[in-house]
Every structure is written in structure tokens, then in C-alpha cells.
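As a plain string of letters, each chain reads:
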Amino acid sequence: MTAAPVPATKEPQAPGGPAAPQRRGIVGKSLGPLLALPGIVWLLLFFVAPLYVVLAVVFGGVDPIFRTVIPVWNPVRWSSEQPIYVLTHIVGEDGIFGPALLRTAVYVLTASVLCLVIAFPIAYYVARLAGRWRGLLLALLIAPFWISYMMRMLAWVNLLANDGLVNRIVSVGGLFPGDTVWLSGHSGVVILGLVYGYVPYMIIPLYAGLDRLPSELIEGARDLGAGRWSAFWRVTWPMSRPVVIASILLTCLPMLGDYFTSDLLSGSPQTSMVGNLINETVLTPGQTGQAGAFVLLVLIVSLLPMVYYVRSVQRADGAVV
Amino acid sequence: MSAPRSVNRRTLIRNAALLGLSVPAVNALLAACAEAPTSSNPGGGGSDAPLEMASPDNPVTWPISDDNPPIDDGMSPEAGPLLIYNYADYLGPQVIKSFEEKYGVEVKVSTFNDTDEMLTKIRTGAVPYDICFPSYDQIARMVTAQIARPLNHSYLGNLDNVWDVFQSPWYDGEARYSVPYSIYTTGIGWRTDQVTDDIAGMDNPYDILWTPSYAGKVAVIDDWHTCMAQVGLRAGITDVNTSSADDLSVIQDNLTELASTVKPKVNISMYNDLPAGQIGLCQMWSGDVVNAQYYLPNDTSVDVLQYWFPEDGKGLVDNDLMLVLKGGNNPVLAHLFLDHMLDEKNSLKNFGYIGYQPPQKVLDTDRLVADGYLPENLATAAVQESWFDTGYRLLELDVDNDQAWHRIWQQFKAGA
Amino acid sequence: MSTSTAPRSTGKAPRQPRQLRQLRQLRGPVGWWRDPWRKPRVLVAVTVGYLLWSLLPVLVAVLFSFNDGRSRTTWQGFSMRWYYGDPIRSVWHDDTLQTALMQTLKLGVVTTLITVPLGVMLAIGLDRWRGRIPSSANSMLLLSFVLPETLLAVALLMVVTTLVLPFTLGTTAQVIGLVTFQLSYPAILVRARLATIGQAMEEAAMDLGATPLQAQRRVILPMLVPAIVASAVLVFADVIDDFVLVRYLSGDAATEPMSVKVYNSARAAPTPALNALVTLTLVAAMLAVALGFLLYRYLAKRAGDQESIGSFAGET
């Protein structure tokens, strides 16, 4: 998951835009379908079909000996025991999953907002104001892409260990005892991990979008007497809103499936997210169907933002679709 | 392309709609829709008879079926490589090496995180493993589904070296399918520099895990049955396989109290975390605390580690097994490896590496400290043969009870 | 104030390059006093602060790979022990670390070799095909881009564990999962490039007598090369970084790549050898990127494209 296509801002239509009245001969006509076919077949086989397998597992049965799943392919014979189990245990007296789902929402939202607060000024600066430093800054901002996520988490595990640097620095002045156990069930630490891990994925698409803002408009506003802030609020910000929304989606959608950040930086059930629920149940006999149900749940929740994203990108692509 | 896609989408939409409905309505609706129930109850799936459950009161000798016979006597070993499936850090490299040299073959060890994962992956047949190291509560399933291969004892002369209890154990009469690997207890481990209480002297030593002042320093074992059974023992529930709803709700309450008072970590890396000081107090397997001494930083004395297990042996006692898998390509070599591991010298060498005691007759449990296998402060980690009569054994549970246990565990793990 | 040097349309007299003026205004305590909240200053502080925050922890981890002791938190002197000194646990001597490293590289290369051609063909194909099918294919592609990775991984795990397939968990399953997840990169990047190229070139070629196939091969493809190189580097780097898919779809220990190894060890008993391993891959990745960028810049100049390091982060 690196950066991504973001919906274009107000940009003149790319050359070659809409209508394409051409293509000669049979080869010319069938060239598109021919070239696209392998990719489409691949996606159908390994992207769409697996989602159906998830359904067959969720609504399937369980092997009495191994408690492993027996997928049921025919929708008519689907049993709804597993999804009902999950649904009935979200809220209320038996609401064992509710807190984790709520926690996921809170973590993801908080982390996304923090990501934006950090990423926007940086992307804005690098895209519009950095001048000759731009190349270097961009290279440094991209650097985290080349450092594995696991390694960056490992770095924090080291820093936050009981005898790690953080506790040492904190205890230098003697103000604090410096014996905080950071890596055990602190929501703040997990959110920090999420922000640290995902903020690069927000900076780059934001940068790409802000870079494309037509500077004439902003300068025009300034020339017409708008102050620095007012030009920003009344021209730049409205123009960059689609990019901001797309960047938030690109950051928080993958966060929804995250379980390893909580695992590494906390390891305590007190910070379990829905990703942890999936990870816990998927290989546990008798519960694989529940894992599938959680997968569907996350899928449904993320479907709307995903469709919104796809729409906005396609609109920005204009006539390509 | 539109066929699978449209079904998919329709179902998604249906699910989305369902989510918007109230839960009771969903219940009624879906219950009505379920024409052919494929439930999780026995009989719903492809197999006929419910699983026979072994227990000390109901010893079982597993049948040997005609289509899964043991290997013949006196065959010569295959060329390998021998594929072993095991927990991480649970097999000494020296004994592997000596086996490789003795038979001129290669041994490859793959690791799993828990036995559920082990079973799932073995069943996919992705890798033709020859040997795996399950716990005794998996053997029923592995034999019934013919994943395990019956043993030919003519290759296993060293089986005589192990304690009499394991010559024909209740979970596998006549040791037809398995040989014992390690024995251990589940108690409490702690560091004296972080926990100063006299735990062994407490009225109920299990209480120590619920002490609020140790919040953030506590870890419990990431295995539902082991962890919950010990929580039950704290509350005096000695039937560690209980199916009583009252007992289970007591366990649930204790577990919830544990989560809210000390926010424990849940993992199985105590053998590293305790010596590293990341935790100070935990549920612990005896083998892990023995092993922990090798993970201590150089400047820390081994005296810092302590372990408690009830002196009368009325606690959780366990043993792991070695099994030859039917799907493996090297059955003869696998038998030879089992025998290699049951050899007195090799098993002691292995003990020195993994910290888990083998049930060898030659090991005088009272002399483990004097013989240098255990440091003095960890003498409590020695496992007595008699404890396998007095201790509590975790058994496989029937489906309904298993679900009841898992529900509580899930709640705990979900941080609810 | 923008640093853009593009001429403005107000028709005023030419003036000093804006950058210069900006610099002059920034200098000196007087300027600062007059307007201490100039945006650039705050923004510079935020940017520099962020860069420190994002890179320092990693540098500390790299530093500790040279630690003489076993600790990853207490400095005990410089040594190369964890690279080759330690006879058992150093990267050089520990087979499991090397296996993980090899598996990572293998997945990276194989996945890139499959993904890039498949994605490029898909992009060109979708670009030359109108109708409902290509349009839904495009949506599917974009959906695969934003679907949380865990969902795809679990779905594929269920496929492999419940269906009888000619392959099982292990490298094949991992490659299939990775290709599916990465396919959108080359496709999206190449489509963006196609949009800027337009159809004039292709039509001109055909007017000059080229068949449609020739036009693709001789005219369009060369112009796409920079985008293809960028997406190849991107896919490769992303695959080496991948964790969720490769962990769920791994078979035995031999198919567990580095990220999984790091995760497992970080939860169990890590030594600085782990830091050494990641340091090595970090160096390797940086080298690959640097080479890739140089190649990209060379090709982009030849193709008349404007090159930017941003293309290496998937900027379209």
C-alpha cells in the first residue's frame, strides 16, 4: 500500500479527453479486450471469487471432528448460525465484540485525524513552498516507504521498552520516575503506532494532489487583496478538499484491518481491534466462520467509502470511464 | 464475468440490509431462511460418529484400521529429508545434528504458533510433514481422521526408558500412536526484583496475579484452556474441564476482574519476556521458567527467577507427544527419530536446551538440582511422576462445552 | 506565497524571482519580529520535526544492530557481532534469517515479473475498450486497491484451505495474493500516463501505415517505459514490505519472509541480529531505489517526460 491515485483537483482535462472515435479493423477493435482479458480473469479468479468463498464459509457448516469449516456453495442451503452469533454478540448483555469494534472506530478515527493534522502542513509546504529543497524533502518523505512497516514498529518496540530510550529520556530531569510500562495495553501507544505507521501513506497522495492545485488561482486571490490565511481558507482549502478526503480514505481503510500494530505495541486484549478478532479466530477450530463474518462486517463498513473513492477517482479521470 | 459478481453484490447488499435491522428481527428472519441447517453440532458435517473423548476415567485404546497400518519390521531408513513440525525453540539443535550425522540425512524443522494452526496446516497437505508435536488432547482427532500413523514398537526400543505412566497412557492405550516428549506443570513465575511478596507462603498464591500494584507487569498464557483453568483454580474450581454454567460464570468474573485490575498481556513468550524484565509476574509453564535462565541478560543473576506450583501436585500437569504423520514420506526415519529422542543421553541433552523435562526413568526428580539441571531457586519446576495421578488434566471438551469456554475466552481476548 | 515561477497573467512588469524575495524577507530578527507566524516558518518546523520523528527511531534501531551486547536498548560498545561475529545467531551464520531474506527477495522478483506485464496490458486494454465490461473491470481494479489487506488475505486463506487446488499454502499462494493486491499499481500508473500521452501519437503512427499492434509496440510502449519502471520499483518495494498477505499464505518456515520473521521474533526473543537483518535490507532497498530512480530519470528524459521522485511513491 503506497500512495495512490487521488481525484484530480480542478485541472484542465487531459489531452485526448472524451470521445475517441477511431479504431480501425478487427485487430484494432479487439486489441483492448485481448490485452485486458488476462488481468480481468486474474481479478475475477483471485479477487472476486475469494469473496464468494468467504460467504460460503461464513454461511457454511463446521466439521464435527476438527471443527474446521465446511463451505456451502449453494446459497439456498446457507446456514446463518455464524453471522448470527457474531451479530448477536456485538451489543447488549452478550456484547463481547462490541467494545473491540467501538475501539477500532475510535482508534482509526483518532489516528486518521492526527495523520491529517501532521500530513497536511507537510504536504502543503513541500508541494507549494519548499522551493529548491523540494526534491530532497520529497525523497526523505518517501524514505519510510522503503523501510518495512515491521521494522519501523520494531524500532518503537525498542524505544518504548522498560529500559528503552523513552523511559531514559523521561527520567533524565528526575521529574518523572521513568518506569512507565509503555508496551502493555496503552491505547495512546497503539494510536501513536498507527499514526507513525500510516502517516506516510497520507502525505504522498496529499502532496500529489496539492502539487496540482493551479497556483494562478491562489496568487490571483492574493493579488486581489486576500490575506495569507484568507486565501488559504477561501481558495486553497476548498480546492483541496477532494484530495483530503481521498487521502483520509487511503489511510483509514487499511487501518481497519490492522492487527499487528496492537499486537506489537501492546499485546494486551485491552487494545484489541477488529483485525485482532479476525486474526484470533481465523485459524481457531470452530470459529473460522466468525472470522469470515468479521471480514464481511469490515467489508460492509468500508464498502461505502470505497465506492465513494472509486467514484471520485473515476470522475476525475473524466471520460476514461 | 457478471455471474459471480452479481451474486456477490446481491449478498453484500443483503447483508448490509441485515445489519440495519434489529438483532431479534435478524434472528427470526435468518432462522426462517435457513432451510437446510448445516449446524456446528455433531452430525452436521461429513462424518458419522461423534468423537470418543479419552480421560483418566475413560482410558481409550485407539483402533488400528486396515487402511492405515503401521510400517513393517526391519525396514531400512529413507533418504530424507525428514520434515518436523513443532513449536519454536522446542527442539535442541544438537540432538537434531547428531541424528543427521548418525543417519546421513537432513532434518528440516518448521514451526507453528499453536496446535490449532498445526492441525489446520497439516490437513491442507501443503507440506508432507513426517513428525509433529501435539498435546494429548489432539490425539483423538488426529487418529480418527487418520492423520496419525500407528507406531511399530520394534523400532522404538528406547520407549522402555520413560516413566511407567506413559507406557500405556489413558489417552493412548499401549502407546499405539504416540510417545511422550515432555512433561510440565502450569504455575506462576515471577522476578524477585519486581515482586517482593512471598507468593508460596500466601493462602492462595494464585491471587497474586490479581494484585493491582502489578498492573502492566502481568502476563497470562495465550491458550484458552490453560489460562482459564488456572483462573478457575484461583476460585477453587478444581474440575478444570467443568461444564457447569455456574463454574464458568465464576471463571468469567475472575477473568474480567483480572483484565480490569492488571491489564495483562496475553502471549506465550514468557521464557523471553520475564528474563528481559518486560513482565514481572505471569502464569507460566515450568519448562519456560527453566528455559528463561538462558535468556537472562549477562549482568542479571539467575536467582531473580522464581516459580511456584502447589507442593501437593494439585495443579495443572501436562505432557506433549511425538507423533508420526501418515502424510509423511519418511515413516521409517520418523520412527528412528522418535527413538533417538527417547534415548537417555539425547533426551537429557535436549532437556538442557529446551528446559522441558522428559519423562525419563533415569532422571531422579529429587536430584535435578543436585545434578545441575535446575538452579536451586527453580527446584519447584521439577515435575514428579506422582503428580500425573494427583494433578488436574486438561481434556478435550465436547462441542457445546467447548463453545461455552471459547465464548468467555473470546470476550476476554476482545478486551470487552 | 507560492514559489511557482510561472509568469502570471496580470500583465505587471517583470519582477524579481519570488524565491529571492522570500529569502530576503525571511532573514533577520526584524523580519521575524514583524511577522513571527509566517506560514513557512511554522511549516518548516513541522516538516523538520516530522522528518526527525519518522526517521530517528529507525536510525536508533540501525545503531543497535552494531551493539556488542545482546540488548537492543542498552548500548554496550560497537561490534559487528550480529552481522558475522556471532557463530550462531549472526545474520551471516543464522540460516533461518537467510532463508527469510531469500524468500523476501524471491517474492519480490517473481511478483514484480508477473504483476507489471499483467497490469500494463490491463491498463492499455482498458484504455482502448469502451463499454460496461471495461468500466466495471476498472471499478474492480480500484476496489482491489482500497480493500483492507487483511480482508483479501483471509479470503485467500479460506480459498486455499477449503478448496482442492493444484497449489497449497506457500510461495505460490503468496505470489497469487501479492499479484492480486499489487495489480492496481502498474495499471493505475500506466493509465495515468496514457491519459497524458493521448491518442494523437498512435493515430499518427497508424496514418503512416502502422498496424494497431505495431503502433502499440513501436510508439506507445516506449513512451510508457518510465511509468513501467516506476511501477516495477513500486511493486517490488511494496512486496518486500508486505506482511499480512505473506503471513497468512505462508506454508512452512521456509516460506516465511523477513517481515514475518521480524514480527515473530519481535514478539518472542529478538536479538540485535534482527536489527542487523533489517539494516541490510534497508541498505539494499535504498540502493535499489537510487538505481531505479537514475534509470527512471534517464528514460523519462528520453521520453520527454518530466521526472519526479514522487513517481516512486505512486504519485500519478
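Residues numbered from 1 in each chain as written. Chains lettered and ligands numbered in written order. Predicted model: local features only at pLDDT ≥ 70, side-chain atom pairs only at ≥ 80, totals over all residues.

Chain C is annotated in an unreviewed UniProt entry as ABC transporter permease from Nocardioides bigeumensis. You can read under Subcellular location (unreviewed entry) in the UniProt record for chain C the words "Cell membrane". Reading the Sequence similarities (unreviewed entry) entry of the UniProt record for chain C gives the comment "Belongs to the binding-protein-dependent transport system permease family. CysTW subfamily." (UniProt positions renumbered as here; feature names shortened; annotations may be inferred.)

You'll find chain A entered in an unreviewed UniProt entry as ABC transporter permease, with Nocardioides bigeumensis given as the organism. The annotation that UniProt attaches to chain A under Subcellular location (unreviewed entry) is "Cell membrane".

Novice: An account of the overall build of chain A is needed here, citing residue identities and associated values.
Specialist: The helix and strand tally for chain A stands at 12 helices and 2 strands. Along the chain direction, N to C, the helices and strands of chain A fall in the order α-β-β-α-α-α-α-α-α-α-α-α-α-α. Taking all 321 residues of chain A together, the buried fraction comes to 57%. Counting contacts in chain A only where the partners sit at least 6 residues apart, residues at least 24 apart contribute 68% of the total. (Helix = DSSP H or I, 4+ residues; strand = E, 2+ residues; numbered from the N terminus. Buried ≥ 20, exposed ≤ 12 C-beta atoms within 10 Å, placed from the backbone. Contact = placed C-beta atoms within 7 Å.)

Novice: I'd like to hear about the overall build of chain C, residue by residue, with values.
Specialist: Secondary structure assignment for chain C yields 14 helices and 0 strands. Moving toward the C terminus, one meets the helices and strands of chain C in the order α-α-α-α-α-α-α-α-α-α-α-α-α-α. Burial statistics for chain C: of 316 residues in total, 49% are counted as buried.

Novice: I'd like a rundown of the interface of chain C and chain A, residues and numbers included.
Specialist: Contacts between chain C and chain A engage 97 residues on the former and 105 residues on the latter. Element by element, the count of residues in the side of chain C that touches chain A is highest for helix α3 (residues 39-64) of chain C, at 15 residues. The residue inventory of the side of chain C that touches chain A, partitioned by class, reads 59 nonpolar, 28 polar and 10 charged. (Nonpolar A, V, L, I, M, F, W, Y, C, P; charged D, E, K, R; others polar.)

Novice: Describe the UniProt feature "transmembrane region" (unreviewed entry) in chain A, with residues and values.
Specialist: Residue and element names in this part refer to chain A. Taken from the UniProt record, the annotation "transmembrane region" (unreviewed entry) applies to residues 34-59, 105-126, 138-161, 181-204, 243-261 and 291-310. Taken end to end, residues 34-59 has its terminal C-alpha atoms 37 Å apart, with 96% of it in helix and 0% in strand. The span residues 105-126 is 100% helical and 0% strand by assignment, and the distance between its end C-alpha atoms comes to 31 Å.

Novice: Could you give an account of the UniProt feature "transmembrane region" (unreviewed entry) in chain C, naming the residues involved and the relevant values?
Specialist: Per the UniProt annotation, the sites labelled "transmembrane region" (unreviewed entry) are residues 42-66, 107-129, 141-165, 171-190, 219-240 and 273-296 of chain C. This span, residues 107-129 of chain C, is 91% helix and 0% strand, and a straight line between its end C-alpha atoms measures 32 Å.

Novice: So what's going on with the packing of helix α8 (residues 215-223) of chain A against helix α9 (residues 228-256) of chain A? Which residues, and what values?
Specialist: Any two packed helices are characterised by how steeply their axes cross, that is the angle between the axes, and by the distance between the axes. Residue and element names in this part refer to chain A. The interhelical angle for the contact between α8 and α9, taken along N-to-C directions, is 145°, at an axis separation of 10 Å. Both α8 and α9 take part in a crossing whose hand is right-handed. Residues Leu 217, Ile 218, Ala 221 and Arg 222 of α8 touch α9, and the partners they reach there are Ala 231, Arg 234, Val 235 and Thr 236. Taken together, the residues that form the contact of α8 with α9 break down as 5 nonpolar, 1 polar and 2 charged. (Axes fitted to C-alpha atoms, helices over the stretch in contact; angles between N-to-C directions. Left-handed = near helix turned anticlockwise from the far one by under 90°.)

Novice: Lay out unusual backbone geometry with the relevant residues and their values.
Specialist: Residue and element names in this part refer to chain B. Omega for the bond connecting Gly 80 with Pro 81 falls within 30 degrees of zero, at -5°, which places this linkage in the cis form. Along the chain, the position of Pro 81 falls in the loop between α2 (23-33) and β1 (82-87). Even without glycine at this site, Gln 146 takes up a positive phi of about 55°. Take Gln 146: it is sitting in the loop between α5 (139-144) and β4 (178-191). You will see that Lys 263, though not glycine, has its phi angle at about 45°, which is positive. When you line up the elements, Lys 263 lands in the loop between α7 (245-262) and β6 (265-267).

Novice: Please provide a residue-by-residue account of the nonpolar core, values included.
Specialist: If you look at the biggest cluster of nonpolar residues, it comprises 303 residues, and the most contacted ones within it are Ala 123 and Val 295 of chain A together with Val 154 and Ala 155 of chain C. Ranked by the residues each element gives to this core, the list is headed by helix α7 (residues 187-211) of chain A, at 16 residues. Apart from the residues lying within four places of it in its own chain, the contact partners of Val 295 of chain A are Val 54 and Ile 278 of chain A together with Leu 151, Val 154 and Ala 155 of chain C. (Core = buried A, V, L, I, M, F, W, Y, C linked by C-beta atoms within 7 Å.)

Novice: Describe the pairing of strand β8 (residues 305-308) of chain B, with residues and values.
Specialist: Residue and element names in this part refer to chain B. Residues of β8 alternate between two faces, with Leu 305 and Tyr 307 on one and Gln 306 and Trp 308 on the opposite face, all of them buried. Across 4 bridges, β4 lies against β8 in antiparallel orientation. The residue of β8 that forms the bridge with Arg 191 is Leu 305. (Pairing = 2+ DSSP bridges.)

Novice: Explain the environment of Arg 407 of chain B to me, using residue names and the numbers behind them.
Specialist: Residue and element names in this part refer to chain B. Within the fold, Arg 407 resides in helix α13 (residues 399-413). Overall, Arg 407 belongs to the partly exposed group, with 16 C-beta atoms counted inside 10 Å. With 155 residues separating them along the chain, Arg 407 and Gln 252 place their C-alpha atoms 9.6 Å apart.

Novice: Got a sec to walk through the pairing of β4 of chain B? Specific residues and values, please.
Specialist: Residues and elements named next belong to chain B. Along β4, 14 of the 14 residues are buried, which leaves the element largely enclosed by surrounding structure. As defined by bridge partners, β4 adjoins strand β9 (residues 316-324) across 8 bridges and the pair is classed as antiparallel. When the bridges of β9 are listed, Ile 183 appears paired with Asn 319. In this structure, β4 lies alongside strand β7 (residues 281-285), joined through 5 bridges in antiparallel fashion. Bridging across to β7, Thr 186 finds its partner in Trp 285.

Novice: Residues and numbers for the environment of Phe 145 of chain A, please.
Specialist: Mapping Phe 145 of chain A onto the fold places it in helix α4 (residues 134-146). By C-beta crowding, Phe 145 of chain A is classed as buried, having 23 other C-beta atoms within 10 Å.

Novice: Break down the confidence of the model for chain C for me, citing the residues and quoting the values.
Specialist: Residues and elements named next belong to chain C. Residues of chain C with pLDDT of at least 70 account for 83%, and the chain-wide mean is 79. At the low end of the mean pLDDT range in chain C sits helix α2 (residues 28-34), at 47; at the high end sits helix α8 (residues 171-182), at 94. Contacts for the low-pLDDT stretch residues 26-37, under 50 throughout, to residues beyond four places or in other chains number 3 contacts. Scored as a whole, the predicted complex attains pTM 0.78, and scored at its interfaces, ipTM 0.84. (pLDDT = per-residue confidence, 0-100.)

Novice: Please provide a residue-by-residue account of the environment of Leu 277 of chain A, values included.
Specialist: Here Leu 277 of chain A lies in helix α11 (residues 274-281). On the neighbour-count criterion, Leu 277 of chain A (28 C-beta atoms within 10 Å) is buried. For the pair formed by Leu 277 of chain A and Gln 290 of chain A, sequence separation is 13 residues and the distance between their alpha carbons is 9.0 Å. Discounting residues that sit within four places of it in the chain, Leu 277 of chain A has contacts with Phe 97, Ala 100, Ser 272 and Phe 294 of chain A together with Ala 414 of chain B.

Novice: Any details on helix α6 (residues 224-234) of chain B? Residues and values, ideally.
Specialist: All names here are of chain B. Burial of α6 is extensive: 9 of the 11 residues sit out of reach of the surface. Elements in contact with the buried residues of α6: β4, β5 (218-221), α7, β7, β9 and α13. Looking one or two places after α6, you find Gly 236, whose phi comes out positive at around 80°.

Novice: Report on α7 of chain A, specifying residues and quantitative values.
Specialist: Residue and element names in this part refer to chain A. In this model α7 runs 35 Å from its N-terminal to its C-terminal C-alpha over 25 residues, within 8% of the 36 Å that 1.5 Å per residue would give. The largest bend along α7 measures about 40° and falls at Tyr 198, with the proline Pro 200 one to four residues further on. Among the 25 residues that make up α7, 22 are buried, leaving the element largely enclosed by the rest of the structure. (Expected span 1.5 Å × (residues − 1). Bend = angle between axes of the 7 residues up to and from the residue.)

Novice: Help me get a handle on the packing of α7 of chain B against α13 of chain B, residues and values and all.
Specialist: All names here are of chain B. Interhelical geometry of α7 versus α13 gives an angle of 15° and a closest axis separation of 10 Å. It follows from the interaxial angle that α7 and α13 lie roughly parallel. Considering only the axes of α7 and α13, their crossing is right-handed. For the pair formed by α7 and α13, the contact residues are Leu 248, Ile 251, Gln 252, Leu 255 and Ala 259 on the first element and Ala 404, Ile 408 and Phe 412 on the second. For the contact of α7 with α13, the class distribution of residues is 7 nonpolar, 1 polar and no charged. (Parallel < 35°, antiparallel > 145°, perpendicular 65-115°, else oblique.)

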